[in-house]
Amino acid sequence: NARSAGSPQLSGSVRDSFEGVPSDESRRPAELVDSAADGRADAANPVDKAQQEKRYKDIRKSLPQLLPEQAGDVVFAETRFSDGNGKGVLFTNGTGTGKTYTGMGIAKHFHNQGKKNILIVAPSDNIIKQWEQAAEKDFKMPLHHLESTQDSGEGPTIGTYANIGKNDALISRDWDLIICDESQNLMNSESGNVTNALRAIRAMTRHKEGFNKWFEATHR
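Okay, so let's go over this structure. Within any chain, residue numbers begin from 1 and follow the written order of that chain's sequence. A pLDDT threshold of at least 70 governs which residues receive local features in this predicted model, and a stricter bar of 80 or more applies before side-chain atom pairs are shown or counted, although totals over entire chains, interfaces and linings include all residues. Calculation of side-chain values draws on the structure's entire complement of heavy atoms; hydrogens and water are dropped beforehand.

**So, the overall build of the protein chain**
- Secondary structure counts use DSSP, requiring at least four H or I residues in a row for a helix and at least two E residues in a row for a strand, with both numbered from the N terminus. Each helix and strand in the protein chain was counted, giving 9 helices and 4 strands.
- When its helices and strands are written in sequence order, the protein chain yields α-α-α-α-α-β-α-β-β-α-β-α-α.
- Each of the 220 residues in the protein chain was classed as buried or not, and the buried ones make up 30%.
- Residues are treated as being in contact if the distance between any of their heavy atoms lies within 4.5 Å. Intrachain contacts of the protein chain at a sequence separation of at least 6 include 53% that bridge at least 24 residues.
- Exposure was quantified through the Shrake-Rupley algorithm and a 1.4 Å probe, taking into account, for residues, occlusion by the shown protein chains and nothing else. By element, 50% of the accessible surface of the protein chain is carried by carbon and sulfur atoms, the whole surface being about 13,800 Å². Buried, partly exposed and exposed residues are distinguished by accessible area as a fraction of the type maximum, computed with a 1.4 Å probe on protein chains only: under 20%, between the cut-offs, and over 50%, respectively.

Below is the structure:
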């Protein structure tokens, strides 16, 4: 919604995309399953399907610690990132489905390809410990824990939303991958305004709305 917060109307482009699309209530269960699967692979395109299957086999071989569903999520992310129009991916899997391992699988896959400028952001030190334990024990990829708001990290790095919101040193790094755990924290300010963490993420990812912050941090 490009208009003011609280507006009950969808923006024109979003509204237009739903024109002629039947509601979920009017569709059969099989149709809903097919609709949900469209985002993962185009079953009608044998080339795309073959590429997905090859990627999946490669991921299963290189990351055997992942469950099949987690490996499938890594493939989905890789496919999304390789798409010229793909800006990122949001996983909304339920609690207890192993999103931390999915995230570490994506990070390790990047790391194996020589893309080591990886940032993981989490809400608290307790959650960071879970990431660090998984990274070291099962992925053999220790994470640099940010020690202050002047610490830019080295290699795969992890920190809290509170840290990155005040840490301009991170903006100078050219990140290969940024993972936000519990990303609703990016919009969690009491007033409903954009948080410092979101401003930082936009600057680090070269988002157009983060240009001013990126410029201020890199051209002091």
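Now that the structure has been shown, the text picks up again.
**Side note on the packing of aromatic side chains**
- Stacked, tilted and edge-to-face pairs are distinguished by plane angle, under 30 degrees for stacked and over 60 for edge-to-face with tilted covering the rest, among Phe, Tyr and Trp rings (Trp via its six-membered ring) whose centres lie within 6.5 Å. For the structure on display, the rule yields 5 aromatic pairs.
- Centroid distance phenylalanine 76 to phenylalanine 91: 6.3 Å. Interplanar angle 70 degrees. Geometry classified as edge-to-face. Placement of the pair is phenylalanine 76 in helix H4 (residues 68-82) and phenylalanine 91 in the loop between H4 and helix H5 (99-112), with a sequence separation of 15 residues.
- Residue classification places phenylalanine 76 among the buried positions, given a relative accessible area of 17%.
- For the pair phenylalanine 211 and phenylalanine 215, a centre-to-centre distance of 6.0 Å together with 35 degrees between the ring planes defines the contact as tilted. Residue phenylalanine 211 and its partner phenylalanine 215 are both found in helix H9 (residues 211-218); the two are separated by 4 residues, about one turn of the helix.
- For phenylalanine 211, a relative accessible area of 45% translates into the label partly exposed.
- Through successive ring pairs, a cluster of aromatic residues spans Phe211, Trp214 and Phe215.
- It is lysine 115 that lies over the ring of phenylalanine 110; its NZ or CZ is 5.3 Å from the centre. We call a charge positioned over a ring when the NZ of a Lys or the CZ of an Arg lies within 6 Å of the ring centre and within 35 degrees of the ring normal.

**Brief notes about the side chain of glutamine 70**
- Within the secondary structure, glutamine 70 is located in helix H4.
- The contact partners of glutamine 70, leaving out residues within four places of it in the chain, are Thr97, Gly98, Tyr101 and Thr102.

**Focus: the nonpolar core**
- Judged by nonpolar contacts, the single largest core of 25 residues is most densely connected at Ile59, Met104, Ile120, Trp131, Leu143 and Leu177.
- Of all elements in the fold, only H4, H5, strand S1 (118-122), helix H6 (125-138) and strand S4 (177-180) reach the threshold of two or more residues within this core.
- With 5 residues, the single largest contributor to this core is H6.
- Put simply, buried Ala, Val, Leu, Ile, Met, Phe, Trp, Tyr and Cys residues joined by side-chain atoms within 4.5 Å make one nonpolar core. Counting residues in each nonpolar core, the second largest holds 16 residues, with Leu119, Trp175, Ala200 and Met204 among its members.

**Re the packing of H5 against H6**
- Where H5 meets H6, the closest approach of the two axes is 10 Å, and the angle between their N-to-C directions is 55 degrees. It follows from the interaxial angle that H5 and H6 lie oblique. At the point where H5 passes H6, the crossing takes the right-handed sense. Of the residues in H6, those touching H5 at Thr100, Tyr101, Gly103 and Met104 are Trp131, Ala134, Ala135 and Asp138. Helix axes use the C-alpha atoms of the stretch in contact, all axes being lines fitted to C-alpha atoms, and the angles between their N-to-C directions lie in the range 0 to 180 degrees. Oblique is the label for every angle not falling under 35 degrees (roughly parallel), over 145 degrees (roughly antiparallel), or within 65 to 115 degrees (roughly perpendicular). Crossings are sorted by hand: turned counterclockwise from the far helix by less than a right angle, the near helix makes the crossing left-handed, and turned clockwise it makes it right-handed.

**With respect to the sheet that holds S1**
- Each pair of strands is called paired provided DSSP finds at least two bridges between the two strands. A sheet is described by the order of its strands in space; here 4 strands give the open sequence S2-S3-S1-S4, paired in parallel fashion. Each of the sheet's edge strands pairs with one partner strand only, and the pair in question is strand S2 (144-145) and S4.
- Summarising the sheet, S2 and strand S3 (residues 157-160) pair through 2 bridges and their orientation is parallel. Within S3, the position partnered with histidine 145 by the bridge is isoleucine 158.
- Taken strand by strand, H6 contacts S1, S2, S3 and S4, and its axis lies near 160 degrees from that of S3.

**Things to note about unusual backbone geometry**
- Phi at glutamate 182 takes a positive value of approximately 50 degrees, unusual for a residue other than glycine.
- What makes glutamate 182 partly exposed here is its relative accessible area of 36%.
- The phi dihedral of arginine 206 is positive, around 60 degrees, even though this residue is not glycine.
- Mapped onto the elements of the fold, arginine 206 is located in the loop between helix H8 (196-204) and H9.
- Arginine 206 sits in the partly exposed class, given a relative accessible area of 41%.

Coordinates in, geometry out; function isn't part of it.
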